[in-house]
Amino acid sequence: MTSAIEIKGLYKSFGDLEVLKGIDFRVAMGEVVCVIGPSGSGKSTLLRCVNRLEEATSGTILIEGEDITDPDTDTDAVRRKIGIVFQRFNLFNHMSVLDNVTIAQRKVLGRSKEEAERIGLENLEKVGVGEKVDVFPRRLSGGQQQRVAIARALSMEPDMMLFDEATSALDPELVGEVLSVMRTLAEEGMTMLVVTHEIGFAKGVADRVVFMDEGVVVEDGPPSKVLVDPDHERTRTFLRMVLEGE
Amino acid sequence: MLTWWRGLSNRRRVRFWRGVSYVVFVVLVGAFLIAVDWPRVIDTMFRPEVVAEQFPDILLIAAKNTIWYTILGFTGGLILGLVLALMRLSQSAPFRWASATYIDVVRGIPLLVWILLIGLGLPIALGVRVPTTYGAGALALSLVMAAYMAETIRAGIEAVDRGQMEAARSLGMSHSKAMVWIILPQAFRLMIPPLTNEFILLLKDTSLVSAIGVTVTTKELTRWGRDGVINSANATPLVVAGLVYLALTIPMTRIVARVEKKAAKSK
């Protein structure tokens, strides 16, 4: 069976700074993989390479078996299969919530206004902001904005979802509502690649946890192994520091 | 005297100088009011019957033409400026280079020179006249405004958060779709105050069109005033023209201030 995401020998440099130094790993269909690691370890860059927001310096990234680092690949078509949720929400500030979740459906997928609104509304209700359709993003709390952003990505009916520290910009009391939406998605069988600092979420939801440090994958395994009894000292030190903070 | 000055506190020194400056101001204004031959000034610059003669044609012809030049120059400048700005931000180097060159060359030469070149030089060089009533003037204004507006528009586009483009592209939108639906609507909102300012500057700059040949029906305010001065041997028409400019620009300046306040608030 083809993997949803398969990364082989991925290197990425910004000028002289080498951020990713040979990454290999895969995400199977329906799998939930959490990527943890200290800031600056390259985990966000890795995620951004997966939908070509960053161009890989070398290596290959296969999305459902298609090599997206090939220059002939239709990037827009690949991105349609991949939903992404950003740390800073990035909702379209000049549009109502409903327009936020329908614009790409209409302009990219060519859906009619009625169909786009039906699908958008379905997803807004699913993430619990169905009553906010006419509101503008700035009027919403961070947690609500992030849930709209999830609904916006889901409305494109992607095959997989990427989460780039989706809860890091939120006030602590708002983190739970976003994590619970993510948990629901995982339970429904969505393929997910989640960069996160929420060790509890990784422990409860992930099929696999990847620990990254200084641009390499240090550890890759089930949460019961990586988060409880890791092989490497670096992982242990990181977990100790994160858990102390909680 | 010196010991008296040294004995003063700082606050008193400040007060002293303020007093001196008031006295100087009153004396200068008084001297001006006395020295000027008022009946003569009024006779040559604001003669009531000449003022009356200006109306209604100064509004129906000259002010109307000034406004037309402004609107045509602004619209043309906006469209071409948008193209230049997008070229400037393009991935392709020749586009960037062409746009940068255009902007530098056009902004580096005075507007009056461009107006003369297009109004007088072009017909001589190419044997073509820019057609239609406002043609040459409006064309020169558009071409020059475009260079200034391109920079305003580029700044507006760059001021939109990078995350907006990333989010749009991540949803599968092409670069141009993302520009049209996501970036430009937000950029134009940011550009409203600077663009309104440029509109007012342009309104005043249309006076330079007076330098190229205009017919009776295409005179704008400055040409109207100038010709009036020549015909009546009296400065009144130019003064009235100035007042009409004021009547147009002051309300607009007020509107800009309000728009800017509103924009600052919504941030």
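Nothing here was measured: the structure is a model prediction, and the numbers come from that model.

> Just checking my understanding: could you explain the pattern of salt bridges for this structure?
As a working rule, side chains carrying opposite charge can pair if their charged atoms are close by. Residue and element names in this part refer to chain A. Enumeration over the complete set of coordinates arrives at 26 salt bridges over all chains. Here Glu177 and Arg147 are joined by a salt bridge, their closest N and O atoms 2.9 Å apart. Of the two residues, Glu177 sits in helix α6 (residues 172-187) while Arg147 sits in helix α5 (residues 142-154), which places them 30 residues apart along the sequence. Since its relative accessible area comes to 25%, Glu177 is described here as partly exposed.

> Just checking my understanding: could you explain the interface of chain A and chain B for this structure?
Counting from both sides, the interface comprises 22 residues of chain A and, opposite them, 19 residues of chain B. Overall, the association of chain A and chain B removes approximately 1800 Å² of surface from exposure, summing both partners, and the carbon and sulfur fraction of that is 58%. Per-residue buried area on chain A facing chain B is highest for A:Phe92, A:His94 and A:Lys107; these three make up 33% of the total on that side. Linking chain A with chain B are two salt bridges, by the criterion used here. Summed over the shared surface of chain A and chain B, the number is eight residue pairs in polar contact (both at pLDDT 80 or more). Among the secondary structure elements, those contributing two or more residues to the side of chain A that touches chain B are α2 (75-81), β6 (82-85), α3 (97-108) and α5 of chain A. Of all the elements, α3(A) adds the most residues to the side of chain A that touches chain B, at four residues. A per-class count over the side of chain A that touches chain B returns 12 nonpolar, four polar and six charged.

> I would appreciate a short explanation of the sheet that holds strand β1 (residues 5-14) of chain A in the present structure.
Strands belonging to one sheet form pairs held by backbone hydrogen bonds; the direction of such a pair is parallel or antiparallel. All names here are of chain A. Across the sheet, four strands lie side by side as β2-β1-β4-β5; this open sheet has antiparallel pairing. Every other strand in the sheet has two partners, leaving β2 (17-27) and β5 (66-67) as the edge strands with one partner each. Its contacts with the sheet put helix α1 (residues 43-50) on β1, β2 and β4 (58-63), and the angle it makes with β1 is roughly 115°.

> Which parts of the structure should I look at to understand the sheet that holds β6(A)?
Residue and element names in this part refer to chain A. What the six strands build is an open sheet, ordered β6-β7-β8-β3-β9-β10; its pairing is mixed. Of all the strands in the sheet, the pair left with one neighbour each is β6 and β10 (216-221). If you compare each strand with its neighbour and ignore which way they point, the axes differ by 15° on average. Taken together, the four bridges between β6 and strand β7 (residues 160-164) define a ladder with parallel strand orientation.

> When you look at the nonpolar core in this model, what are you seeing that I'm missing?
Across soluble globular proteins, nonpolar side chains show a tendency to be buried alongside one another. In this structure, A:Ile5, A:Ile7, A:Phe25, A:Ile63 and A:Leu193 are the most contacted members of the largest nonpolar core, which totals 72 residues. Broken down by element, this core gets its largest block of residues, 10 residues, from helix α8 (residues 135-159) of chain B. What A:Phe25 contacts, discounting residues up to four positions off in sequence, is A:Ile5, A:Glu6, A:Ile7, A:Val33, A:Leu46, A:Leu193, A:Arg208, A:Val210 and A:Asp220. Listed in part, the 48 residues of the second largest apolar core include A:Val32, A:Val97, A:Ala151 and A:Ala186.

> Explain the packing of helix α7 (residues 111-126) of chain B against α8(B) here, please?
Any two packed helices are characterised by the angle at which their axes cross and by the distance between the axes. Residue and element names in this part refer to chain B. α8 packs onto α7 with a crossing angle of 135° between their chain directions and a minimal axis gap of 9 Å. Here α7 is positioned oblique relative to α8, judged by the angle of their axes. Along this stretch, α7 crosses α8, giving a crossing that reads as right-handed. Here α7 contributes Leu111, Trp114, Ile115, Ile118 and Gly119 to the contact with α8, which in turn contributes Ala136, Leu139, Ala140, Leu141, Leu143 and Val144. When the residues that make up the contact of α7 with α8 are grouped by side-chain class, the tally is 10 nonpolar, one polar and no charged.

> Honestly, the packing of aromatic side chains in this entry has me stumped. Any pointers?
The relation between two aromatic rings is expressed through the spacing of the ring centres and the mutual angle of the planes. In total, this model carries four aromatic pairs over all chains according to the counting rule given. Measuring from centroid to centroid gives 5.2 Å for A:Phe211 and A:Phe238, while their planes differ by 40°, and the two rings are tilted. Linking A:Phe211 in strand β9 (residues 208-213) with A:Phe238 in helix α9 (residues 233-245), this pair joins segments that are 27 residues apart in sequence. Aromatic pair B:Phe16 and B:Trp17: ring centres 5.4 Å apart, planes at 70°, arrangement edge-to-face. Residue placement shows A:Lys12 over the ring face of A:Phe14; its charged tip is 4.8 Å from the ring centre. When the ring centre of B:Trp181 is taken as reference, the NZ or CZ atom of A:Lys107 above it lies at 3.8 Å.

About the cut-offs
Residues numbered from 1 in each chain as written. Chains lettered and ligands numbered in written order. Predicted model: local features only at pLDDT ≥ 70, side-chain atom pairs only at ≥ 80, totals over all residues. Heavy atoms only, no water. Salt bridge = Lys/Arg side-chain N within 4 Å of Asp/Glu carboxyl O. Helix = DSSP H or I, 4+ residues; strand = E, 2+ residues; numbered from the N terminus. Buried < 20%, exposed > 50% of the residue type's maximum accessible area, 1.4 Å probe, protein only. Contact = heavy atoms within 4.5 Å. Buried area = accessible area lost by both parts, 1.4 Å probe. Polar contact = N/O pair within 3.5 Å; in protein donor to acceptor, adjacent residues only side chain to side chain. Nonpolar A, V, L, I, M, F, W, Y, C, P; charged D, E, K, R; others polar. Pairing = 2+ DSSP bridges. Axes fitted to C-alpha atoms, helices over the stretch in contact; angles between N-to-C directions. Core = buried A, V, L, I, M, F, W, Y, C linked by side-chain atoms within 4.5 Å. Parallel < 35°, antiparallel > 145°, perpendicular 65-115°, else oblique. Left-handed = near helix turned anticlockwise from the far one by under 90°. Phe/Tyr/Trp six-rings, centres within 6.5 Å; stacked < 30°, edge-to-face > 60°. Lys NZ or Arg CZ within 6 Å of the ring centre and 35° of its normal.

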